[in-house]
Amino acid sequence: MTEDDTSRIPHLFPFPKHAQDEIVIPNAMSEDERLWVPQAENVCFRPLCLNRSQGYRMNLLKVKKAGILSRHRHPQPVYGFVLKGRWRCLEHDWVAEEGGYVYEPPGETHTLVVPESVEEMVTYFQVNGVMCYVDPWGEVTGYEDVFTKIDLYRQHFTEVGLGEDSVEQFIR
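Our subject in this report is the structure included herewith. As the structure is a prediction and not an experimental result, all values here were calculated from the model.

Reading the values: the criteria
Residues numbered from 1 in each chain as written. Predicted model: local features only at pLDDT ≥ 70, side-chain atom pairs only at ≥ 80, totals over all residues. Heavy atoms only, no water. Salt bridge = Lys/Arg side-chain N within 4 Å of Asp/Glu carboxyl O. Buried < 20%, exposed > 50% of the residue type's maximum accessible area, 1.4 Å probe, protein only. Helix = DSSP H or I, 4+ residues; strand = E, 2+ residues; numbered from the N terminus. Pairing = 2+ DSSP bridges.

1. Quick notes on the pattern of salt bridges
Next, step 1: In this structure the tally under the stated criterion is seven salt bridges.
Next, step 2: Linking aspartate 32 and arginine 34 is a salt bridge whose minimum nitrogen-to-oxygen distance equals 2.8 Å.
Next, step 3: The class for arginine 34 is partly exposed, based on a relative accessible area of 36%.
Next, step 4: Between glutamate 144 and arginine 57 there is a salt bridge whose closest N-O contact spans 3.3 Å. On the criterion of sequence distance, the pair formed by glutamate 144 in strand E12 (residues 140–144) and arginine 57 in strand E3 (residues 56–63) is long-range, its members being 87 residues apart. Accessibility classification places glutamate 144 together with arginine 57 in one group, the buried group.
Next, step 5: A network of salt bridges, in which partner residues are shared, links Glu33, Lys62 and Lys64.

Printed below as a string of structure tokens:
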């Protein structure tokens, strides 16, 4: 390193006083089942970031068996990246495959399906705002948002012995 080369010198000033801590999860795809929160039979989520102030959540969705997951509508955009396996939606002819990126626009309603030939599917999702579960005619049958997810994660972590405060590491 020369005297003029400052690229390897870390930032020397303090971070902003009110800046939030970063989240670093060394093994996000952990095999520890306690970290994966059941949503339905063979369906679970791993929280990564639960942003209360902006109303979004980032998580891993793991499906351990082929089948239909849910029909739902997104009033805000959703971003996904397939880490393992593949899935599709009944309403579309595309397939989201390992290494693939999916953008689900606001207003999108679809039914997520994992094909018979897939033993396990894992997708990283950023879900913004509410996700509304709907029947085939579009009538809302339920919903979830960052707050219902926080409650679900808190309850699960308590039940598996990790403690209800375990969810705090993901909340911003």
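2. Quick notes on unusual backbone geometry
Next, step 1: Of note in this structure, asparagine 42 is not a glycine but carries a positive phi near 65°.
Next, step 2: With respect to the helices and strands, asparagine 42 occurs in the loop between strand E1 (37–40) and strand E2 (43–51).

3. Quick notes on the pairing of strand E5 (residues 78–84)
Next, step 1: Where E5 and strand E8 (residues 101–104) come together, four bridges link them in antiparallel fashion. Each bridged residue has a counterpart across the sheet, and for phenylalanine 81 the counterpart in E8 is tyrosine 101.
Next, step 2: Alignment of E5 against strand E10 (residues 121–128), held across six bridges, turns out to be antiparallel. Pairing of lysine 84 across the sheet is with valine 122, part of E10.

4. Digging into the environment of valine 160
Next, step 1: As for its position among the elements, valine 160 is in the segment after helix H1 (146–159).
Next, step 2: Taking C-alpha positions, valine 160 is 31 Å from arginine 73, a pair spaced 87 residues apart along the chain.

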